[in-house]
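For reference, the chains in residue letters:
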Amino acid sequence: MIDFRYHLVSLISVFLALAVGIILGAGPLQGTLGDQLTEQVDALRNERNTLREELGQAQTTAQDQRRFIESAGDQLVAGSLAGMNVAVVEVDEVSDANRKAVLDQLEAADGTVVAQERLAASWTSADELTMRETVADGLREKLPAGAVEGVIDEDSGPAELLAASLTVALTDSSGSAGPAAFSEAALEQQHLLEQVGLVEQVAEPSAPADAILLLSSGATGADEEEQTQDADPEQTGMGALAALAGTSAEIAGTSVVAGPTTRDGDLIATIRADDGLSDLVSTVSGVEQTTGQIVVPLAIAAQDAGAVDQYGFEEGASVLPPVVEQGETQGDG
């Protein structure tokens with residue numbers, strides 16, 4: 001009986017509350033609630049319209065700035081690489097459009113592309129690490145001591161040794177009078193790297209380079225199908241490519257990495273996350289756009305003059321390199 005009365009009282013209370021709510025909603029509170037809801041809707045509508053206008057203005061400003069940079073591109077880069085020889089190395093499957101656009105900007109900057117090469121997949125593959133260790137051991141004694149002094153030592157791993165080998169192959173000169181020519185060590189290193197299938201020539205090297213440009217497709221560590229859980233991250237994948245960037249900068253003096261707008265785990269992001277590497281190597285992101293393509297020769301010129309930085313539109317990156325006056329670059333003369 002007590003339970004029945006309890007439930008009966010509860011039901012009556014619920015119905016009374018509903019009745020009171022309906023009466024108040026239809027009566028004295030109706031106007032107040034309606035007015036408040038109308039005001040809130042109007043405020044949200046006005047806020048939406050304001051945000052839409054601000055977005056439109058921002059997009060227009062960005063488009064105007066992009067058009068300005070693209071129009072001024074030829075004047076910005078003209079002569080910035082005059083007298084400089086640049087070797088271009090594709091570290092993975094770079095798109096034809098990005099490759100051509102970057103090469104066009106190097107030409108517009110009056111730079112001379114003296115070599116075009118492409119790394120084979122075996123350069124980073126975990127499954128090929130044993131092969132690279134064997135090759136690196138054979139190359140160690142053939143590296144010219146003067147070129148790699150202070151960079152390569154007994155503790156250097158295969159990634160660093162192969163990076164030194166490729167850098168020497170692209171930059172080491174004979175030192176003889178007359179036009180610059182490759183040293184015997186450079187020719188030997190180039191031949192060996194090709195022979196074991198680690199490097200493919202796109203265009204035969206014609207002269208020692210003053211700077212090395214590493215072109216990336218923007219692939220990330222997650223894209224590497226051949227990686228295994230027990231592979232040494234410093235000797236495979238992005239670790240091997242990062243070692244190439246750092247070692248080439250130490251030996252050649254100027255090494256720039258360029259690729260599409262960066263994403264987590266790609267080569268540019270890997271370099272920027274490493275304080276030691278980012279102090280040695282300049283990076284340029286966004287080369288799928290004209291603005292990024294224009295920055296590439298300017299970044300090479302700036303690093304050759306001693307300014308290392310990270311360029312792009314990501315947070316923490318610089319938009320443009322500092323202006324380098326003609327004759328400031330180390331590659332001149």
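Quick look at the structure, then. Quantities reported herein were computed from a predicted structural model and do not represent experimental measurements.

### Topic: the overall build of the protein chain
Working step 1: What the protein chain contains, in helices and strands, is eleven helices and seven strands.
Working step 2: A burial count over the protein chain gives 43% of its 333 residues as buried.
Working step 3: Within the protein chain, residue pairs in contact and separated by at least 24 positions form 74% of the contacts whose partners lie at least 6 positions apart.
Working step 4: Of the accessible surface of the protein chain, which amounts to about 17700 Å², a share of 53% is contributed by carbon and sulfur atoms.

### Thoughts on the pairing of strand 2 (residues 112-119)
One face of the sheet, then the other: side chains in a regular strand alternate in exactly this way.
Working step 1: By the criterion of burial, strand 2 is predominantly enclosed, with six of the eight residues buried.
Working step 2: Relative to strand 2, strand 1 (residues 85-90) runs parallel, the two being bridged by six bridges. Each residue of the ladder has a partner; that of Glu 90, found in strand 2, is Arg 118.
Working step 3: Note that the unit made of strand 1, helix 3 (residues 96-108) and strand 2 has a crossover that is right-handed.
Working step 4: Across four bridges, the pairing between strand 2 and strand 3 (residues 199-203) is antiparallel. Looking at strand 3, one finds that Arg 118 is bridged to Glu 200.

### What to know about the side chain of Ser 80
Working step 1: Among the structural elements, Ser 80 can be located in the loop between helix 2 (28-77) and strand 1.
Working step 2: For Ser 80, the side chain forms a polar contact with the main-chain oxygen of Val 77, separated by 2.7 Å.

### Quick word on the sheet that holds strand 4 (residues 211-215)
Working step 1: On the basis of which strands lie adjacent, the open sheet formed by seven strands has the order 3-2-1-4-5-6-7 and mixed pairing. Each edge of the open sheet is held by one strand with a lone partner, namely strand 3 and strand 7 (310-311).

### Some points on the layout of surface pockets
Once rolled over the atoms, a probe with the size of a water molecule shows which space is left empty.
Working step 1: In this model, the second largest pocket occupies a volume close to 300 Å³.
Working step 2: At seven residues, helix 8 (residues 237-252) tops the list of elements feeding residues into the lining of the second largest pocket.
Working step 3: Classifying every residue of the lining of the second largest pocket gives six nonpolar, five polar and four charged.

### Describing the pattern of salt bridges
Working definition: two side chains of opposite charge can pair if their charged atoms are close together.
Working step 1: This model, assessed by the stated rule, comprises seven salt bridges.
Working step 2: Taking the shortest distance from any N to any O, the salt bridge between Arg 99 and Glu 90 comes out at 2.6 Å.
Working step 3: Classification of Arg 99 as buried rests on a relative accessible area of 15%.
Working step 4: On the basis of relative accessible area, Glu 90 is assigned to the buried category, the value being 2%.
Working step 5: Measuring nitrogen to oxygen at the nearest pair gives 3.5 Å for the salt bridge that ties Glu 200 to Arg 118. Of this pair, Glu 200 sits in strand 3 while Arg 118 sits in strand 2, and the two are 82 residues apart along the sequence.
Working step 6: Under the relative-accessibility criterion, Glu 200 is labelled partly exposed at 43%.

### Quick notes on the packing of helix 4 (residues 129-140) against helix 6 (residues 158-171)
Working step 1: At their nearest, the axes of helix 4 and helix 6 sit 9 Å apart, and the two run at 55 degrees to each other. Viewed along their axes, helix 4 and helix 6 adopt a mutual orientation that is oblique. For the pair helix 4 and helix 6, the sense of crossing is left-handed. Where helix 4 abuts helix 6, its residues Leu 129, Arg 132, Glu 133, Val 135, Ala 136, Leu 139 and Arg 140 lie against Pro 158, Leu 161, Leu 162 and Ser 165.

Reading guide: rules and limits
- Residues numbered from 1 in each chain as written.
- Predicted model: local features only at pLDDT ≥ 70, side-chain atom pairs only at ≥ 80, totals over all residues.
- Heavy atoms only, no water.
- Helix = DSSP H or I, 4+ residues; strand = E, 2+ residues; numbered from the N terminus.
- Buried < 20%, exposed > 50% of the residue type's maximum accessible area, 1.4 Å probe, protein only.
- Contact = heavy atoms within 4.5 Å.
- Areas by Shrake-Rupley, 256 points an atom, 1.4 Å probe, with all protein chains shown as cover.
- Pairing = 2+ DSSP bridges.
- Right-handed = clockwise from strand over helix to strand, strands pointing away.
- Polar contact = N/O pair within 3.5 Å; in protein donor to acceptor, adjacent residues only side chain to side chain.
- 1 Å grid on protein atoms, 1.4 Å probe; cavity = no way out; pocket = protein on both sides within 12 Å on 5 of 7 lines; lining within 4 Å.
- Points joined across faces, edges and corners; volume = space filled by probe spheres on them.
- Nonpolar A, V, L, I, M, F, W, Y, C, P; charged D, E, K, R; others polar.
- Salt bridge = Lys/Arg side-chain N within 4 Å of Asp/Glu carboxyl O.
- Axes fitted to C-alpha atoms, helices over the stretch in contact; angles between N-to-C directions.
- Parallel < 35°, antiparallel > 145°, perpendicular 65-115°, else oblique.
- Left-handed = near helix turned anticlockwise from the far one by under 90°.

Purely geometric stuff here, so don't read any function into it on its own.
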